[in-house]
Amino acid sequence: MEAPKVNPYMAVAIGVVAVSTSAILVKVSSAPSGVIAFYRLFFSVLLMLPVFLIKYVSELRLITKRDWLFTGIAGIFLAFHFILWFESLNYTSVASSTVLVTLQPLFAFVGAYLFFKERVSVKAILSGVIAIGGSVIISWGDFKISGSALFGDFLAIIACALVTVYLLFGQTVRKRMSLITYTFIVYSISSISLFFYVIAVGDSFYPYPTSDWVYFILLALIPTLLGHTLFNWSIKWISASVISMAILFEPVGATVLAFYLLGEKVIWTQIIGGLVVIAGITLFLVDERKMKLKNQTEINSISG
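The paragraphs below set out a description of the structure included in this document. (Residues numbered from 1 in each chain as written. Predicted model: local features only at pLDDT ≥ 70, side-chain atom pairs only at ≥ 80, totals over all residues. Heavy atoms only, no water.)

## With respect to the overall build of the protein
So, step 1. Scanning the protein from N- to C-terminus turns up 12 helices and zero strands.
So, step 2. Element order for the protein, N to C, with α for helix and β for strand: α-α-α-α-α-α-α-α-α-α-α-α.
So, step 3. For the protein, buried positions account for 46% of its 304 residues.
So, step 4. Considering only contacts in the protein between residues 6 or more positions apart, those separated by 24 or more positions represent 89%.
So, step 5. On the protein, roughly 15,600 Å² of surface is accessible, and the fraction owed to carbon and sulfur atoms is 72%. (Helix = DSSP H or I, 4+ residues; strand = E, 2+ residues; numbered from the N terminus. Buried < 20%, exposed > 50% of the residue type's maximum accessible area, 1.4 Å probe, protein only. Contact = heavy atoms within 4.5 Å. Areas by Shrake-Rupley, 256 points an atom, 1.4 Å probe, with all protein chains shown as cover.)

## A short note on empty space enclosed by the protein
To locate leftover empty space, one rolls a probe as large as a water molecule over the atoms.
So, step 1. If you walk through the whole model with that rule in mind, you get one cavity of 30 Å³ or more.
So, step 2. The calculated volume of the largest cavity comes to roughly 30 Å³.
So, step 3. Every residue lining the largest cavity is listed: Ser 93, Ala 95, Thr 255, Ala 258, Glu 264, Lys 265, Val 266 and Gln 270.
So, step 4. By residue class, the composition of the lining of the largest cavity is three nonpolar, three polar and two charged. (1 Å grid on protein atoms, 1.4 Å probe; cavity = no way out; pocket = protein on both sides within 12 Å on 5 of 7 lines; lining within 4 Å. Points joined across faces, edges and corners; volume = space filled by probe spheres on them. Nonpolar A, V, L, I, M, F, W, Y, C, P; charged D, E, K, R; others polar.)

## Overview of the side chain of Thr 164
So, step 1. Structurally, Thr 164 can be placed in helix α7 (residues 147-174).
So, step 2. Beyond its immediate stretch of four places on either side in the chain, Thr 164 contacts Gln 104, Phe 107 and Ala 108.

## Structural notes on unusual backbone geometry
So, step 1. Cis peptide bonds are those with omega within 30 degrees of zero, and the linkage from Tyr 206 to Pro 207 qualifies with -5°.
So, step 2. Residue placement: Pro 207 occurs in the loop between α8 (179-201) and α9 (210-234).

## Some thoughts on the pattern of salt bridges
So, step 1. Here the structure, examined in full by the defined rule, presents two salt bridges.
So, step 2. Here Glu 264 and Lys 27 are joined by a salt bridge, their closest N and O atoms 3.4 Å apart. Residue Glu 264 is located in the loop between α11 (250-262) and α12 (268-303), and its partner Lys 27 is located in helix α1 (residues 8-28); the two are separated by 237 residues in the primary sequence.
So, step 3. Residue classification places Lys 27 among the partly exposed residues on the basis of a relative accessible area of 28%.
So, step 4. Here Asp 67 ties to Arg 176 by a salt bridge, and the two come within 2.6 Å at their closest N and O atoms. (Salt bridge = Lys/Arg side-chain N within 4 Å of Asp/Glu carboxyl O.)

## Here we look at α1
So, step 1. The end-to-end C-alpha distance of α1, which contains 21 residues, comes to 31 Å, matching closely the 30 Å that a straight helix rising 1.5 Å per residue would cover.
So, step 2. With a side-chain oxygen positioned 2.8 Å from the backbone nitrogen of Tyr 9, the residue opening α1 is Asn 7. (Expected span 1.5 Å × (residues − 1). Polar contact = N/O pair within 3.5 Å; in protein donor to acceptor, adjacent residues only side chain to side chain.)

## Examining the packing of helix α4 (residues 94-101) against α11
So, step 1. The contact between α4 and α11 brings their axes to 9 Å, and the two run at 165°. Judged on the interaxial angle alone, α11 and α4 are roughly antiparallel. The crossing of α4 and α11 is right-handed. Side by side, α4 and α11 meet where Val 94, Ala 95, Thr 98 and Val 99 of the first sit next to Pro 251, Ala 254, Thr 255, Ala 258 and Leu 262 of the second.
So, step 2. Partitioning the contact of α4 with α11 into residue classes produces seven nonpolar, two polar and no charged. (Axes fitted to C-alpha atoms, helices over the stretch in contact; angles between N-to-C directions. Parallel < 35°, antiparallel > 145°, perpendicular 65-115°, else oblique. Left-handed = near helix turned anticlockwise from the far one by under 90°.)

## Section: the environment of Ser 88
So, step 1. Within the secondary structure, Ser 88 sits in helix α3 (residues 65-88).
So, step 2. Residue class for Ser 88 comes out buried when judged on its relative accessible area of 0%.
So, step 3. Note: C-alpha distance between Ser 88 and Ala 159 (71 residues apart in sequence) is 8.7 Å.
So, step 4. With near-sequence residues (within four places) excluded, Ser 88 lies in contact with Ser 97, Gly 152, Leu 155 and Ala 156.

## Overview of the side chain of Ser 22
So, step 1. Mapped onto the fold, Ser 22 is located in helix α1.
So, step 2. For Ser 22, a relative accessible area of 2% translates into the label buried.
So, step 3. With residues up to four places along the chain from it excluded, the contact list for Ser 22 reads Arg 40, Trp 85, Phe 86, Leu 219 and Pro 223.

Written out as structure tokens, the structure is:
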């Protein structure tokens, strides 16, 4: 394998900072959540379009009806993930919202158990309980602040569940489709879904202040394309587990940015609860990696 021109760990660090800007850009925008989500994905699609048309459009004829169906479902769930997550930021803090959305690996674990009958270890259950305990601490602290903050936490958790469904439907399709083609189709379907959602709820696509249009484009460029592109590039040299661990620092980065840029204060329940959530998910990801290595060893011993 050729040596990377850029240190992949540095690329992952930059990717974490990039995705950490998402909540900040949403928070400072004056547009409704559905409109922000629509333009974030719509501009992402426009930016990807030249590359897709030049190099990947021929892959469309190879996609099966089943893969179209699964990709369509994934795109719709991604759209509503963004709507609910962005809406949660109208009620609760960046710190609480981003930490609760980070619970995604646990939702994926539950989904894999229910739908794919994957084995569950005692450590995985324990780590899940720890992470959920951290979310309870955050929600308890937010409830003491206001009922609306607790409602925002609830929206963030539902958004987390929706993005898990998006990932579960997409994981099998991604094995048969290139990253660019899959991402382009999913973002396109999400954009179409959000277009009709905005019309259905009676929101307007324009006019908005110039600053909002800058935020829409930055959302497409920085957290969506730059952040996730760096993660996908780095996976050639470092493991997915390392990247999963690194993404856990997104709430930390978002909280720091919110403190300095938005003046959001962080209360002790958010700090303790956030640390407990991150600790629980870290334990879960470490155990998951050990389980995969064990399964691979068993497969190798049988085939050998």
